[in-house]
Amino acid sequence: IILFAIFAAYPISQTFYYSFFRYDLVNMEYVGLQHYEQILTTPILRGSVLFTFQYVMVTYVPTLIIALALALSLNANIPGRSILRMVNFIPVVASWVIVAVIWKFMFHQNGLINVFLSSFGIDSVSWLLDEQTAPYAIIIPSIWKEVGFYMVIFLAGLQNIPRVYYEAARIDGASALQVFRYITVPLMRPTLVLASIISVIEGMKVFIPPFVMTQGGPAGATRVMALTIYQNAFAYNRLGRASAMAVVLFLVILLLT
């Protein structure tokens, strides 16, 4: 309890407190709800909130679908399934910083992805410098890295379903789609809910990919809330505004979960 109070409860309460002040580590001036109003009215701050929600939806909906498909495939009795599970889980173990650096090189103007596209006669794409493509340069590595984690969660859920239900369904002549719809999905519901909650929390807090790959650019196209909080606090020394954004992020995650 003491450790929690020192390293969690106290900092969180201080963040709420500082959000009502214009604070730069030296001067402190009470401004009330001004920082919260700026979050809703300032284009940069509002844009970071909107992109964070976009990132969560475009990243984690495909991630959960792919992870479930992989889990269903690798739950079957196929040769080498242990090796295939391990291969799919390797990106999860890798450091996010290393993964982001590797993908940044791959998305470079002369990187591996453009070389691959050029073999099909497609012109090089400025992945990290174009406002239209930069978000996908963040989203694609995120999907690649996160799929294995949710695959393992879904595998655990599938292996907890008693086999007798599937045997009874086969005796009754149920199709594979009917088995999935009426047995797998209902019995996997707690696992699906858990994975959805974790994905929302992780997606709303994303920081390393945009920080390493784009620094929120170009023109704020990949600026997420966590990166905006970091920049306001440690680049611009606007700790009060950063605290207000942290409070908003905290409340949004709490509400969603």
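Anyway, here's the lowdown on the structure attached to this text.

The rules behind these values
The residue count restarts for each chain, going from 1 along the sequence in the order it is written. In keeping with the predicted nature of the model, local features appear solely for residues at pLDDT of at least 70, side-chain atom pairs appear and are counted solely at 80 or more, and the whole-chain, interface and lining totals rest on all residues. Think of the side-chain values as coming from all heavy atoms in the structure, minus any hydrogens and water. Segments assigned H or I by DSSP are reported as helices when at least four residues long, segments assigned E as strands when at least two residues long, and all are numbered from the N terminus. Throughout, exposure labels follow a simple rule: accessible area from a 1.4 Å probe, protein chains only, divided by the maximum for the residue type, with under 20% read as buried, over 50% as exposed, and the rest as partly exposed. Should any heavy atoms of two residues lie within 4.5 Å, those residues are counted as being in contact. Only the protein chains shown count as covering a residue, and every accessible area follows the Shrake-Rupley method with a 1.4 Å probe. When charges are counted, Lys and Arg are positive and Asp and Glu negative, with His and the chain ends excluded. Taken as the charge location is NZ of Lys, CZ of Arg, CG of Asp or CD of Glu. Salt bridges are counted wherever a side-chain nitrogen of Lys or Arg sits within 4 Å of a carboxyl oxygen of Asp or Glu. To obtain each axis, a line is fitted to C-alpha atoms, and for helices this fit is confined to the stretch in contact; angles are then taken between N-to-C directions over 0 to 180 degrees. Geometric relationships in this document are graded by angle, where less than 35 degrees denotes roughly parallel, more than 145 denotes roughly antiparallel, 65 to 115 denotes roughly perpendicular, and other angles denote oblique. Nonpolar residues are Ala, Val, Leu, Ile, Met, Phe, Trp, Tyr, Cys and Pro. Charged residues are Asp, Glu, Lys and Arg, and all others, Gly as well, are polar. Handedness of a crossing follows from how the near helix is turned relative to the far one, being left-handed for an anticlockwise turn of less than a right angle and right-handed for a clockwise one. Stacked, edge-to-face and tilted labels apply to pairs of Phe, Tyr and Trp rings (six-membered ring for Trp) whose centres lie within 6.5 Å, assigned for plane angles under 30 degrees, over 60, and everything in between, in that order. Only buried residues count toward a nonpolar core, which is a set of Ala, Val, Leu, Ile, Met, Phe, Trp, Tyr and Cys residues joined through side-chain atoms within 4.5 Å.

### Quick look at the overall build of the chain
Across its full length, the chain carries 13 helices and two strands. With the C-alpha coordinates of the chain rotated into their principal frame, the extents come out at 75 × 55 × 30 Å. Here the chain, with 257 residues, has 40% of them falling under the buried criterion. If you take every contact in the chain between residues at least 6 apart in sequence, the share linking residues at least 24 apart comes to 65%. Surface exposure of the chain reaches about 14700 Å², of which carbon and sulfur atoms provide 69%. Distance from the positive charge centre (14 side chains) to the negative charge centre (10 side chains) of the chain: 7 Å.

### Focus on the side chain of Thr191
Mapped onto the secondary structure, Thr191 falls in helix H10 (residues 189-204). Leaving out residues up to four positions away in the same chain, Thr191 has contacts with Ile153, Phe154 and Gly157.

### A word on the environment of Met204
Its location among the elements puts Met204 in helix H10. A C-alpha to C-alpha distance of 17 Å links Met204 and Ile12, two positions 192 residues apart in sequence. Not counting residues within four places of it along the chain, the set of residues in contact with Met204 comprises Thr52, Phe53, Val56, Met225, Leu249, Val252, Ile253 and Leu256.

### Topic: the pattern of salt bridges
Applying the stated criterion across every chain yields a total of one salt bridge. With its nearest N and O atoms 3.0 Å apart, the salt bridge here joins Arg22 to Glu29. Residue classification places Glu29 among the partly exposed residues on the basis of a relative accessible area of 45%.

### Examining the packing of helix H9 (residues 176-187) against H10
Pairs of packed helices are described in terms of their axes, by the angle between the two and the distance that separates them. Running from N to C, H9 and H10 point in directions that differ by 55 degrees, and their axes come no closer than 4 Å. By the angle between their axes, H9 is oblique relative to H10. Here Val185, Pro186 and Leu187 of H9 lie close against H10, whose contacting residues are Arg189, Pro190 and Leu192. In terms of residue class, the contact of H9 with H10 is made up of five nonpolar, no polar and one charged.

### Thoughts on the environment of Pro11
Topologically, Pro11 is positioned in helix H1 (residues 2-18). Looking at Pro11, the relative accessible area reads 33%, which means it is partly exposed. It is 22 Å that separates the C-alpha atoms of Pro11 and Val224, two residues lying 213 residues apart in sequence. Ignoring anything within four residues of it in the chain, the contact list for Pro11 reads Ala5 and Ile6.

### Notes on the packing of helix H3 (residues 43-74) against helix H13 (residues 239-256)
The N-to-C vectors of H3 and H13 enclose an angle of 30 degrees; their axes lie 12 Å apart at closest approach. Here H13 runs roughly parallel to H3, going by the angle between their axes. Crossing of H3 over H13 shows right-handed handedness. Judged by residue contacts, Leu45, Ser48 and Phe53 of H3 engage Arg241, Met245, Val252 and Leu256 from H13. Each residue belonging to the contact of H3 with H13 can be placed in one class, and the counts come to five nonpolar, one polar and one charged.

### Some thoughts on the packing of aromatic side chains
Under the defined criterion, the tally for this structure stands at 17 aromatic pairs. Taking the centre distance of 5.5 Å and the plane angle of 75 degrees together, the rings of Phe21 and Tyr30 count as edge-to-face. The class for Tyr30 is exposed, based on a relative accessible area of 57%. Taken together, the ring pairs connect Tyr17, Tyr18, Phe21, Tyr23 and Tyr30 into an aromatic cluster.

### Remarks on the nonpolar core
Tyr55, Phe107, Tyr150, Phe154 and Met213 are the most contacted members of the largest nonpolar core, which totals 39 residues. For this core, the secondary-structure elements that each account for two or more residues are H3, helix H5 (96-106), helix H6 (112-118), helix H7 (134-159), helix H8 (163-171) and H9. Among the elements that line this core, the one with the most residues is H7, at eleven residues. Here Tyr55 is in contact with Tyr60, Ile138, Ile139, Ser142, Gly203 and Val206, once residues within four sequence places are set aside.

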